[in-house]
Amino acid sequence: MRRSAKSGLLGLAVLALAAVLSGCGGSSAATGAQGSSGDVTVAINGNGAAITPADIAGWPSTAPADVPAFPGHVDNLMVGRRNGNGYGVRIFFSGVTKDKFGAYVGVLRSAGYKVQGVVYYTDIPGVDSNANAQARADRGEYDAVKATKDPRRINVNVPATDGTVTYDLDGLTKDENDAMNVSPWPAGWADKVPAPDNCKLDSHSIIGTNSTGFRLYCIYTATDQATRDGIVNSYLSALQAKGFKVIGTGSNRSSFKLSNGSYEVAINPDQGGHMYIEATKVTSLTNGWPSDWVARVPPPDGCMLAAKLIASMPTGFNAACTYPDNDPVHRQQVVAAYKAKLQAAGFTLDTSGDGSGMPPEEAPVNLVKGSIKVNIIPNGASDGMAISATQGE
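Structure report, in brief. Since the structure is predicted, the reported quantities are computational estimates derived from the model, not experimental observations. (Residues numbered from 1 in each chain as written. Predicted model: local features only at pLDDT ≥ 70, side-chain atom pairs only at ≥ 80, totals over all residues. Heavy atoms only, no water.)

**A few points about the pattern of salt bridges**
Phase 1: Taken as a whole and assessed by the stated rule, the structure comprises 13 salt bridges.
Phase 2: For Asp 55, the salt bridge goes to Lys 100, with nearest N and O atoms at 3.0 Å. Of this pair, Asp 55 sits in the loop between strand E3 (39–43) and strand E4 (73–83) while Lys 100 sits in helix H1 (residues 98–110), and the two are 45 residues apart along the sequence.
Phase 3: On the accessibility criterion, Asp 55 (21% relative accessible area) is partly exposed.
Phase 4: Its salt-bridge partner being Arg 296, residue Asp 292 comes within 3.9 Å of it at the nearest N-O pair.
Phase 5: Residue class for Asp 292 comes out partly exposed when judged on its relative accessible area of 40%. (Salt bridge = Lys/Arg side-chain N within 4 Å of Asp/Glu carboxyl O. Helix = DSSP H or I, 4+ residues; strand = E, 2+ residues; numbered from the N terminus. Buried < 20%, exposed > 50% of the residue type's maximum accessible area, 1.4 Å probe, protein only.)

**Thoughts on the state of the cysteines**
Phase 1: Here the structure, examined in full by the defined rule, presents 2 disulfides.
Phase 2: Linked covalently through their sulfurs, Cys 199 and Cys 218 form a disulfide whose S-S length is 2.0 Å. Where Cys 199 bonds to Cys 218 through sulfur, the torsion about that S-S bond is close to 90°, and the disulfide is right-handed. Of this pair, Cys 199 sits in strand E11 (residues 199–200) while Cys 218 sits in strand E13 (residues 213–220), placing them 19 residues apart in sequence.
Phase 3: The disulfide partner of Cys 303 is Cys 321, and the gap between their sulfur atoms is 2.2 Å. Here the S-S torsion is close to -75°, and the disulfide linking Cys 303 with Cys 321 is therefore left-handed. Placement of the pair is Cys 303 in the loop between strand E19 (289–290) and strand E20 (304–305) and Cys 321 in strand E22 (residues 316–322), with a sequence separation of 18 residues.
Phase 4: In the chain, the bonded cysteines, taken in the order they occur along the sequence, pair up as 1-2, 3-4. (Disulfide = S-S within 2.5 Å.)

See below:
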């Protein structure tokens, strides 16, 4: 089991590993018979759109040649699933359009696969669920595509509204499964923070990734320490060639921190045969407050903001400010003044939480304005109050 990383990237959500099923208009469709597993099948042909190499990002080069590459960006890959049809992998995609999805149906047919659309349903007492599913099938709608060509079994859900897709491929041998145990560098980061050479990613490498940062482990291709040290040195040189400067080094080169002003990178070279790499986007501040939040959530007055935010993302941030003195009355006045400032900016108190059992100087204050929520904890920071905000979560 891997050791915990010595530095953490707050605010990153761990990548959710769940398939999303949503209805999609098929191409040409004809209804079929009820499936035994609570579904209705739909005959589909694809929409005739073309798939270009530019549509494919991260498809494993080690995938079997008889499985067509899927048009989308590979975000994560899980291997080793076992069922009655050998080994299987699950791949999570983003950036998938309905046109390219329809084109893939045609590619599968051309490759000799038997392809069907599937409408899923769950029996509900008093509701003819099968009839409702059949009506959707009659309209050419479907939730997923099933494709078979012995020994392969493919099941892929139609793109969700955000372009995400879950792709299941079964019918692999153990060698084929092991060969596919690779993952690409996080999407959209190669031009900002390059990948190291001779340190590969597998299906368990990515801890979290989004537009403001990522956390991952890469696996050294070498086993001897001298070669691994050389891999780390080469990576430091590659980052410096991209404008990064080393701003911190742990004892005995146990860790490195680099920055180019826009992004910071933390590296822990010795994590049980792996290198831990964490990247974060540097938050732009206006008088100590995140610049992209000034118009949404005004900063407090009467307390000193920390020199560095605890965490900041486009959808939320955590900050702390230090009270000017130890006078408990004065501290409560600072909190009350900030609450009044937020209310003047259009926020209203959210009293759904019960803080009645807490003393006034400790009771949290929650406010809301549309999709923005603000939480104030009067004693949530060292000699100060903690402030957090989220939008759309």
